[in-house]
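# Topology and contacts: notes
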Amino acid sequence: MKKMKKFLALGLSVTMALSLVACGGTAQNGGDPAATDTPADGAQTSISLWTYPIGGWGDEKAVKELTDAFEADTGIKVNVEYLAYADGDDKVNAAITAGSAPDLIMEGPERLVANWGAKGYMVDLSAMLDDEDKSEINGAALAACTTADGKVFEYPLVMTAHCMAINKNAFEEAGALQYLDLENHTWTTENFIKAVDALYAKYGETVAAVFCAGQGGDQGTRALINNMYGGTFTNADHSAYTWDDPANIKALEQLKSMNGVAFDASLQGGDEITKFYQGILKMAFCWNIAQQLDPNAAGTGAEKTITGDDIVFMSFPSETGESKLCGGIWGFGVFDNGDTAKVDASKQFIKYMCDSAKTADAVKTAKYFAVRNTTEGVDLSGIWADEPIMAEYNKLMPYLGDYYQVTSGWAQARTSWWNMLQDIGEGADVAETVSTYMAEANAAAAAG
């Protein structure tokens, strides 16, 4: 009841704000005159939503079902533009420069919080979150959406954890399945080493690649190296990179010494997956729920020799078996376009999708996992119970680790990381090389 009253109160505030617009206020609509409100009778307003292809939120038909339901319930029309990652950032930045940013945007904290929010373009949504909300939302997800001074520039909806995968048949033939906890999808670093040894003994060739041709899929190499002996990628407040953590040095030296593991400067993450599908590599460090749900549609163009049940997703190895996984977090932010009515309508959209009886529909459209277990009396933890792969993959969600992608200098850090791996692969001293490239990343972080 408390949440319902809160939602209705928000709706009332929007209605009042729209009435002011109808009485002569000026409405801004992202510079799109075709979508300008026609509030002569105060019946409707419209807001614009730009969304990156986050699961089904990149599917016009699926999103229209959600926005049509929202319009039917609230009278607010939502005009949606679908962005691609290839040029989406350029479009958003150009719109900001032109003073025509959308009202709403859907993406992750590295864009909404660390980029546009940090630059002052986003509305602080912290007042939308009461103590009950904060207790319901995954702590790692909420922390990633919140700045050091408490501003919330993204209201999270869904999350996932990136992982790795193994060729079950190859492991079985090599006698290496004994080193896996298949029930929980975990393994220790000691058993990872034993498994690689067994695979190499069986096949006599590279069975795993520390890919480093570029940044594509680099969350996999970061998670592998950080987890093996408990290393860190950044400090706790995300102000500096910590790659020279002795645990990371130990992991890199271990990987470099292993028969069957290659530092491969010809591969990025997608290339690694291709070789995994082809059966050349026996494990892949670049994996997530999207591939696991439909590996045949992963877009690699490879002639696949392994699919479906041949592929088992795994957490990254750690000394205890409990790893800290890199994750994806997605939700909504509101651009501060100077129109109170549209900001309020945008907030109502966010509440509708992220904290109402309709949230399950929004989560299922995304095809990821809800950042909160309950809302409005609805148990979201079981919404994938009828989807065996999703239900099984949910076992990894408790291992979601720190979302350090919000650290300043992120673009340079990613470049420095794969260049570092290339040099190590060519035989450079590990500790010295790590120190050099970490300094490069930290210089970018310091520069903001």
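For the structure given in this document, a descriptive report is provided here. Values in this document were obtained by computation on a predicted structure and should not be read as measured data.

Helix and strand content of the chain: 17 helices and 13 strands. Split into buried and exposed, the 448 residues of the chain put 54% on the buried side. Intrachain contacts of the chain at a sequence separation of at least 6 include 77% that bridge at least 24 residues. Of the roughly 18,300 Å² that the chain leaves accessible, carbon and sulfur atoms contribute 49%.

Inspection of the secondary structure puts D218 in helix 9 (residues 218-228). Owing to a relative accessible area of 3%, D218 belongs among the buried residues under this scheme. Those residues in contact with D218, other than ones at most four positions away along the chain, are F211, R414 and W417.

Before going further, it helps to spend a moment on the pattern of salt bridges. Inspection of every chain in the model, using the stated rule, returns 15 salt bridges. Among the salt bridges present, the one from K64 reaches D68, with a minimum N-O distance of 2.7 Å. With a gap of four residues between them, K64 and D68 both fall in helix 2 (residues 60-74), about one helical turn apart. One salt bridge connects R372 with E136, and the closest N-O pair in it is separated by 2.6 Å. Within this pair, whereas R372 is found in the loop between strand 11 (369-370) and strand 12 (374-375), its partner E136 is found in helix 5 (residues 131-136), the two being separated by 236 residues in sequence. E136 carries the same exposure label as R372, and that label is buried. Salt bridges sharing common partners tie together D133, E136, K351, D355 and R372.

Glancing now at the sheet that holds strand 9 (residues 311-314). The strand order 8-5-9 describes an open sheet built from three strands, whose pairing is antiparallel. With one partner strand each, in any of the chains shown, strand 8 (283-287) and strand 9 form the two edges of the open sheet. When the angles between neighbouring strand axes are averaged without regard to direction, this sheet yields 30°. As paired elements, strand 5 (residues 163-167) and strand 9 share four bridges and run antiparallel to each other. In the strand pairing of strand 9, N167 is matched with I311. Sitting on the sheet, helix 11 (residues 269-277) touches strand 5, strand 8 and strand 9, and the angle it makes with strand 8 is about 140°.

W57, F192, W243, M283 and F332 are the most contacted members of the largest nonpolar core, which totals 143 residues. With residues up to four places along the chain from it excluded, the contact list for W243 reads T232, F233, N248, I249, A413, S416, W417, M420, V434, Y437, M438 and A441.

The next point concerns the packing of helix 10 (residues 246-257) against helix 17 (residues 430-447). Packing of helix 10 against helix 17 brings their axes to within 10 Å, and their N-to-C directions diverge by 125°. Viewed along their axes, helix 10 and helix 17 adopt a mutual orientation that is oblique. Note on packing geometry: the crossing formed by helix 10 with helix 17 is right-handed. Contacts from I249, L252 and E253 of helix 10 reach helix 17 at V430, A431 and V434. Taken together, the residues of the contact of helix 10 with helix 17 sort by class into five nonpolar, no polar and one charged.

Attention now moves to unusual backbone geometry. Here the phi dihedral of H185 falls at roughly 65°; this positive angle occurs in a residue that is not glycine. For H238, which is not a glycine, the phi torsion comes out positive at approximately 60°.

Orientation of helix 2 relative to helix 13 (residues 340-354), taken along the N-to-C sense of each, is 115°, at an axis distance of 11 Å. The crossing of helix 2 and helix 13 is right-handed. Judged by residue contacts, L66, T67, A69, F70, D73 and T74 of helix 2 engage A345, Q348, F349, Y352 and M353 from helix 13. Per-class residue counts for the contact of helix 2 with helix 13 are seven nonpolar, three polar and one charged.

This part is about helix 8 (residues 189-203). End to end, helix 8 covers 21 Å across 15 residues, agreeing with the expected 21 Å (1.5 Å per residue, within 8%). All of the buried residues along helix 8 are T189, F192, I193, A195, V196, A198 and L199. On its buried face, helix 8 sits against helix 7 (168-173), helix 9, helix 10, strand 7 (261-264) and strand 8. Looking one or two places after helix 8, you find G204, whose phi comes out positive at around 65°.

On the secondary structure map, C212 appears in the loop between strand 6 (208-211) and helix 9. Relative accessible area serves as the criterion here: at 1%, C212 is assigned to the buried category. Sequence separation between C212 and G425 is 213 residues; the distance between their C-alpha atoms is 9.1 Å. If we skip the residues at most four places from it in the chain, C212 touches F263, D264, A265, L267, W418, L421 and Q422.

Let's shift gears to the pairing of strand 8. Counted residue by residue, strand 8 has five buried out of five residues, so it is predominantly covered. Across three bridges, strand 5 lies against strand 8 in antiparallel orientation. Note that in strand 8 the partner of A165 across the bridge is A284.

A separate point is the sheet that holds strand 2 (residues 76-82). With respect to topology, six strands assemble into an open sheet ordered 2-1-3-10-4-11, the strand pairing being mixed. Edge positions in the open sheet fall to strand 2 and strand 11, since each of these has one partner strand only. When strand 4 (residues 155-161) meets strand 11, the two strands line up antiparallel, connected through two bridges. If you follow M159 over to strand 11, its bridge partner there is F369.

Now for helix 10. Here helix 10 is 12 residues long and its end C-alpha atoms lie 17 Å apart, about the 16 Å a rise of 1.5 Å per residue gives. Inspection of helix 10 places A247, N248, I249, A251, L252 and L255 among the buried residues, and these make up the whole buried set. In this structure, the buried side of helix 10 is in contact with helix 8, strand 6, helix 9, strand 7, helix 16 (410-425) and helix 17.

Conventions and cut-offs
Residues numbered from 1 in each chain as written. Predicted model: local features only at pLDDT ≥ 70, side-chain atom pairs only at ≥ 80, totals over all residues. Heavy atoms only, no water. Helix = DSSP H or I, 4+ residues; strand = E, 2+ residues; numbered from the N terminus. Buried < 20%, exposed > 50% of the residue type's maximum accessible area, 1.4 Å probe, protein only. Contact = heavy atoms within 4.5 Å. Areas by Shrake-Rupley, 256 points an atom, 1.4 Å probe, with all protein chains shown as cover. Salt bridge = Lys/Arg side-chain N within 4 Å of Asp/Glu carboxyl O. Pairing = 2+ DSSP bridges. Axes fitted to C-alpha atoms, helices over the stretch in contact; angles between N-to-C directions. Core = buried A, V, L, I, M, F, W, Y, C linked by side-chain atoms within 4.5 Å. Parallel < 35°, antiparallel > 145°, perpendicular 65-115°, else oblique. Left-handed = near helix turned anticlockwise from the far one by under 90°. Nonpolar A, V, L, I, M, F, W, Y, C, P; charged D, E, K, R; others polar. Expected span 1.5 Å × (residues − 1).

Distances and angles like these do not, on their own, reveal function.
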